[in-house]
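If you want the building blocks of each chain, they are given just below.
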Amino acid sequence: MTFADLWRDLAPLGRDPVTGGYRRYSWTAADAQCRAWFTSQAEKRGLTVQPDANGNLWAWWGPPQPGAVATGSHLDSVPDGGGFDGALGVVTALAAVDLLKEENFYPERAIVLLTFTEEEGGRFGLPCLGSRLLTGAVDPQAARELTDDAGVTLAEAMASAGLDPALIGPDPALVGHLGVFVELHVEQGRALAPMGCAIGIAEGIWPHGRWRLDFTGQADHAGTARLGDRRDPMLAYAGTVLEARHAAASRHSVATFGKVIAEPGAANAVCSAVHAWLDARAADEVTLSETVTDIRSAAKRLSVEHGVTLGVREESYTPVVRFDEALRDRIAVVLAAAGMPAPVLPTGAGHDAGVLAARLPTAMLFVRNPTGVSHSPAEHADLSDCEAGVRALALVLRDLAGPQ
Ligand code: GLV
Ligand code: MN
Ligand code: MN
């Protein structure tokens, strides 16, 4: 099966027919289809698939043992996400195994294909949940209690998918099997196109986090409540959105309110509460902290001004990540020798590779995205660049898992 065949096969799973975007949320029917698809493709290639207690899928080529060379990514999506974010790394890993087999390569160190659970935090709000649980970066009890928008806990969702949520948590023995992890991902940004390069290598990941802001006021009649009498949480929220933009723009950081819920949600009533999620990222942790501090102060000031109360809770925080320099240089040499110059790029996007980087040498490859658009149905990579990604990943796996 070529990359294009694999891609066509996976493409319909979890795609919304109206928006064309993906809704592959963890532990839903779409997620189960994606997992079944990956498992069957891996087994067709003779790999042994073993889910871990956190729901991450491990497909082994060669006996599991320390020093394994891991690759892969995730199959879950943001709401109406693009088809490439995560899926490209998983499909490319399968296609790279095919290419290596065609070349009669057999790994001296096991190669393991990983598919992580809930990388986006699209259902339970905590990004990289599967890799965080695996490596002990999140408390399992806190994770079990995470809820989706319908109030279903992670524990309930996992149980209904047939997993035992009591077993989630760190697995040092399994992590100890990993010698190195290389995640291939669609580029999120458009640095590669003007450089004329199909493939890039990650330098590091900006520190980032998510904060939930709850503005609580007083519901009232939209036609009869006088403006001066209102305690409207929407006003405090709306002002905060604009202040967030200023706080980020003045520091070259980014701040986004991409999710907001107004309660009770009547067109003819002042709302009683607004729940909003801030995603903020910056090149360094001091700048990120200053950005968020400014936004929190603005939210507080505006809440007082409009007579509403404010609650702020940090839902996740990911420190700055710098990928292993020796591994990065080694990959750059391998790709350059094959006529694939790969520039080194920073990214503002989070990845499971960033979580694993705290435990083992980790690297990332990016595949050119001509528009840079991501987390959107408009996300794209050309087939020829995806095929270059397969060649690049195969070269890297051959180098890392072959004779040293
Ligand atoms: C994941 O894609 C993130 O950066 O939020
Ligand atoms: Mn993403
Ligand atoms: Mn991703």
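Residues numbered from 1 in each chain as written. Chains lettered and ligands numbered in written order. Predicted model: local features only at pLDDT ≥ 70, side-chain atom pairs only at ≥ 80, totals over all residues. Heavy atoms only, no water.

1. Details of the overall build of the protein
The condition is simple: In DSSP terms, a helix is any run of H or I states spanning at least four residues, a strand is any run of E spanning at least two, and both are numbered starting from the N terminus. The buried label applies to any residue whose accessible area, calculated with a 1.4 Å probe on protein chains only, is under 20% of its type's maximum; exposed applies above 50%, and partly exposed to all values in between. Residue contacts are counted whenever heavy atoms from the two residues lie within 4.5 Å of one another.
Helix and strand counts for the protein stand at 13 helices and 15 strands. By its C-alpha atoms, the protein is 75 × 45 × 40 Å across when sized along the principal axes. By the burial criterion, 54% of the 404 residues in the protein qualify as buried. Summarising the internal contacts of the protein: among those between residues at least 6 apart in sequence, 77% fall at separations of at least 24.

2. Overview of the environment of A110
Assignment of secondary structure puts A110 in the loop between α3 (87–102) and β4 (111–116). Not counting the four nearest positions on each side in its chain, A110 is found in contact with W60, W61, G62, P63, A68 and V69.

3. Thoughts on the coordination of the manganese ion (ligand 2)
Stated precisely, the cut-off is as follows: Listed donors are limited to N, O and S atoms within 2.8 Å of the metal, widened to 3.2 Å for Na, K and Ca; water is not among them, so incomplete-looking sites are possible.
Bound to the manganese ion (ligand 2) on the protein side are D85 (OD), E120 (OE), E120 (OE) and H375 (NE2), at distances that span 2.0 to 2.6 Å. The sequence motif formed by the donor residues of the manganese ion (ligand 2) is D-x34-E-x254-H. Taken as a pair, the manganese ion (ligand 2) and the manganese ion (ligand 3) show a spacing of 3.6 Å, with D85 coordinating each metal. Of this pair, E120 sits in the loop between β4 and α4 (129–135) while H375 is found in the loop between β15 (362–367) and α13 (383–401), placing the two residues 255 residues apart along the sequence. Looking at E120, the relative accessible area reads 7%, which means it is buried.

4. Some words on the coordination of the manganese ion (ligand 3)
Distances from the manganese ion (ligand 3) to its protein donors, H74 (NE2), D85 (OD) and H185 (NE2), fall at 2.0 to 2.2 Å. Spacing between the donor residues of the manganese ion (ligand 3) along their common chain follows H-x10-D-x99-H.

5. Some details on the nonpolar core
The tendency in soluble globular proteins is for nonpolar side chains to be buried side by side. The criterion, for reference: Here, nonpolar core means buried Ala, Val, Leu, Ile, Met, Phe, Trp, Tyr and Cys residues that are tied together by side-chain atoms lying within 4.5 Å of each other.
Core analysis: the largest hydrophobic core is formed by 56 residues, its most contacted members being I199, L335 and L365. One finds L178, L192, L360 and F366 within the second-largest nonpolar core, a separate group that totals 25 residues.

6. Details of the sheet that holds strand β11 (residues 273–281)
Formally: Pairing between strands requires that DSSP locate at least two bridges from one strand to the other. What counts as an axis is a line fitted to C-alpha atoms, over the stretch in contact for a helix, and the angles between N-to-C directions run from 0 to 180 degrees.
Overall, antiparallel pairing links the four strands, which are arranged β9-β11-β7-β12 in an open sheet. Each of the sheet's edge strands pairs with one partner strand only, and the pair in question is β9 (254–263) and β12 (309–318). Put simply, the sheet's adjacent strands are angled 15 degrees from each other on average, direction ignored. Alignment of strand β7 (residues 208–216) against β11, held across nine bridges, turns out to be antiparallel. Bridge assignment links F215 to a residue of β11, and that residue is V274. Packed on one face of the sheet, helix α9 (residues 233–249) meets β7, β9 and β11 and runs near 170 degrees to β9. Relative to β12, helix α10 (residues 285–305) is tilted by about 165 degrees, and along the sheet it contacts β7, β9, β11 and β12.

7. Describing the pairing of strand β5 (residues 178–186)
In terms of burial, β5 is a largely internal element, eight of the nine residues being buried. Bridge count between strand β3 (residues 68–74) and β5: four bridges; the pairing is parallel. Pairing of T71 across the sheet is with V182, part of β5. As paired elements, β5 and β15 share six bridges and run parallel to each other. Bridge pairing in β15 places V182 opposite A363.

8. With respect to the environment of T371
Residue placement: T371 occurs in the loop between β15 and α13. By relative accessible area, which is 43% here, T371 ends up partly exposed. Along the primary structure T371 and I201 are separated by 170 residues, whereas in three dimensions their C-alpha atoms are 18 Å apart. Not counting chain neighbours up to four residues away, the residues in contact with T371 comprise R190 and A378.

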